[in-house]
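Chains, contacts and geometry: an overview
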Amino acid sequence: MNKNRNFIIFTFFLMLISVFIICCVKYFGKNSCFNDDDFFYARYMIGESYFDSFKFSIFHGGGYLGLFLCKFLSFGLPCLLNIHPDDFICNQEGIIRGIFTCFILFSISLFSIIRNKSKLLYLVSFLFITFYYFNCEFIYFTSLVNYNFYRYFFSLLFFSIFWYFIYSDMLRDKKESKINYFKLFLVCISGFIVGTSSEINFFVSSSLAILIIIYNLISKKNKFNLNINFYLPITFLFISMINFVLSSGFRKVAADRGMADIHITFQTLKEYTNLYLDVCFLKNYYYWIFFIILLILSLIFCYRKKLFKDIIFPIFFQISLLTVMYSLVLCGKTFGGDYFLCHHNIIFLYRMLIMYPILILFDYVLKNIYETVKYKQVFLRTVCVLILVSLICMNIDFINKIKIHSNVFYKYKKETYMCQKIVRYYYLKKEIIKIPQSFIFDLPLDSEIHANIYKNSLYKIYKDNGYININFMIVPNGLEVFFKDGGKFSENELKELKFARLYDDDFVLGK
């Protein structure tokens, strides 16, 4: 009876936190639009089918589930449902991303209970990771752009499943290790997906796998339990990774990012090292202080037990991650004249990945202390209360951050709406389409490839293939010209942006 009550309480709070996450993600995305990378990657090119995203040879990111979901959930699905994609992306799609976010944070939190099978600890860890994620999101705005969400953050779902299964099995004795073919199948699929996701993820994974294999080969004692549950998923990881890096899309992007002509000097290394220390260490000093404390405690415990393999995995993980982050020096200054280590999506992903080693070490230290204390439940609850108090202190201004965060893309969404109405207005009047020059910075319609994607999206939204052949004229003072030509925007219309109104020809024409 007591177990049932605890399970009900656990489920209730798990659902409560999940509802909170979904509501926050939905609210954050209320002004989402096809801007930034979404202008190109969240829509379909002319002649592109739904499943072309899985082809390695099409473009960068091809072969990855995340690219398919980005395009289909942002644009393909609403078109099939006859819902305007620009309305869907900031409403229903926000709820979908919220649900995905819950599962991703669920999976990351699992690393805090590999040894401590405590529902209370899992809930507190889940809450901690939730607020940690939102604090990272407040700084880097990664998840506001769907392409960034599915390419970087969404990939952590499969990364977590992949390594949680492998690491848990590695720690078991040979007698305890069993083959669950269904789980093994899911982990192999996860490994394949990781191998086609973010380069950071699959290079960290491959490096970590190699270090584990080398450790087992040279270690005489304290070896990991490596069997089919390790080697088969790792094989799937390397197969997909090799397919990805050999694809024409990846090779083109790699060449654009300096990999075709690597040129490194002593001055380059000196400059990059200073940036590396700042981004990876100094700006995360609180993390490294806590990590070092946990690592020292872990070393003490494993020395007493003579089981050093207990902490090898998080150390190898950290080494792999830091090595991959430093290897970005090979790209040179190809990120808008700066190093790719400055890329906000890469920094965001780095800050999420560094949580895995610290959760594992925290779990290990907590388990060892828990075994020695007299009042075990009191100790565990005290630790959980301390974590919750620290969360409250860290998130005092959470509400203000939400408000600021949710309005980041309002300007882009407004311009997107105005531009689409202007295009529709001139198209319906069968006149030359005049695009205000002020919109071009955010809506790059002066680029032929972007203009073709935009035309194709109008064709799919309004089910009129005439849009594929339209031509744009970029006009200075374009809004004034639009008003002179009889177009208009009401104050209420721009206050409550509803793209569904643009299906109404009479509304667009102002009749």
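For clarity, every value in this text was computed on a predicted model and none was experimentally measured.

Moving on to the overall build of the protein chain. Broken down by element type, the protein chain carries 24 helices and two strands. Principal-axis analysis of the C-alpha atoms gives the protein chain an extent of 80 × 55 × 45 Å. Counting only residues that meet the buried cut, the protein chain has 54% of its 511 residues in that class. Of all intrachain contacts in the protein chain linking residues separated by at least 6 positions in sequence, the fraction that spans at least 24 positions is 79%. Accessible surface, the protein chain: about 23800 Å² in total, of which carbon and sulfur atoms supply 66%.

Moving on, we get to the packing of helix 3 (residues 65–80) against helix 7 (residues 146–153). One can describe the packing of helix 3 onto helix 7 by two numbers: an axis separation of 8 Å at closest approach and a directional angle of 150 degrees. With respect to helix 7, the axis of helix 3 lies roughly antiparallel. As for how helix 3 packs across helix 7, the hand of that crossing is right-handed. Across from G66, L67, L69, C70, L73 and S74 in helix 3, the residues of helix 7 making contact are N146, Y147 and Y150. Along the lines of polarity and charge, the residues of the contact of helix 3 with helix 7 split into six nonpolar, three polar and no charged.

Here helix 17 (residues 355–372) contains 18 residues, and its C-alpha end-to-end distance of 26 Å stays within 8% of the 26 Å for a straight helix at 1.5 Å per residue. Of all 18 residues in helix 17, 14 are buried, a share of seventy percent or more.

Attention shifts here to the nonpolar core. Nonpolar side chains tend to gather and get buried jointly when the protein is soluble and globular. One finds W163, I200 and I212 to be the most contacted residues of the largest nonpolar core, which totals 170 residues. It is helix 6 (residues 119–140) that provides the largest number of residues to this core, a total of 14 residues. For I200, the residues in contact, after removing those within four places along its chain, are L321, V324, M325, L328, I346, L349 and L353.

Here the focus is unusual backbone geometry. Negative phi is the rule for most residues except glycine; trans is the rule for most peptide bonds. If you check the backbone angles, N82 has positive phi at about 60 degrees while not being a glycine. By secondary structure assignment, the location of N82 is in the loop between helix 3 and helix 4 (85–88). At K430, a position not held by glycine, the phi torsion is positive, near 60 degrees. Position of K430 relative to the elements: it lies in the loop between helix 20 (410–428) and strand 1 (433–436). By relative accessible area, K430 is classed as exposed at 79%.

Let's shift gears to the pattern of salt bridges. All told, the structure shown has 15 salt bridges when counted by the stated rule. In this structure, K333 and E271 form a salt bridge, with 2.8 Å as the shortest nitrogen-oxygen distance. Of the two residues, K333 sits in the loop between helix 15 (309–327) and helix 16 (344–353) while E271 sits in helix 13 (residues 266–280), which places them 62 residues apart along the sequence. Since its relative accessible area comes to 42%, K333 is described here as partly exposed. D505 is the partner of R424 in a salt bridge, and the nearest nitrogen-oxygen pair spans 2.7 Å.

Moving on to the side chain of N146. Relative to the helices and strands, N146 resides in helix 7. Take N146: its relative accessible area is 0%, and that puts it in the buried class. If sequence neighbours within four positions are ignored, N146 has contacts with D38, C70, S74, I89, E93 and R97.

A few words now on the packing of helix 5 (residues 92–109) against helix 8 (residues 155–171). Where helix 5 meets helix 8, the axes come as close as 9 Å, and the angle between the chain directions of the two elements is 30 degrees. Considered as vectors, helix 5 and helix 8 are oriented roughly parallel to each other. In the packing of helix 5 onto helix 8, the handedness of the crossing is left-handed. Seen from helix 5, the contacting residues are F103, I104, S107 and I108; seen from helix 8, they are L156, L157 and S160.

Burial of strand 1 is two-sided: the residues I433 and I435 facing one way and the residues K434 and P436 facing the other way are all buried. Crossover connection from strand 1 via helix 21 (residues 448–462) to parallel strand 2 (residues 472–475): handedness right-handed.

Further remarks concern the pairing of strand 2. Alignment of strand 1 against strand 2, held across four bridges, turns out to be parallel. Note that in strand 2 the partner of I433 across the bridge is F472.

Conventions adopted
Residues numbered from 1 in each chain as written. Predicted model: local features only at pLDDT ≥ 70, side-chain atom pairs only at ≥ 80, totals over all residues. Heavy atoms only, no water. Helix = DSSP H or I, 4+ residues; strand = E, 2+ residues; numbered from the N terminus. Buried < 20%, exposed > 50% of the residue type's maximum accessible area, 1.4 Å probe, protein only. Contact = heavy atoms within 4.5 Å. Areas by Shrake-Rupley, 256 points an atom, 1.4 Å probe, with all protein chains shown as cover. Axes fitted to C-alpha atoms, helices over the stretch in contact; angles between N-to-C directions. Parallel < 35°, antiparallel > 145°, perpendicular 65-115°, else oblique. Left-handed = near helix turned anticlockwise from the far one by under 90°. Nonpolar A, V, L, I, M, F, W, Y, C, P; charged D, E, K, R; others polar. Expected span 1.5 Å × (residues − 1). Core = buried A, V, L, I, M, F, W, Y, C linked by side-chain atoms within 4.5 Å. Salt bridge = Lys/Arg side-chain N within 4 Å of Asp/Glu carboxyl O. Right-handed = clockwise from strand over helix to strand, strands pointing away. Pairing = 2+ DSSP bridges.

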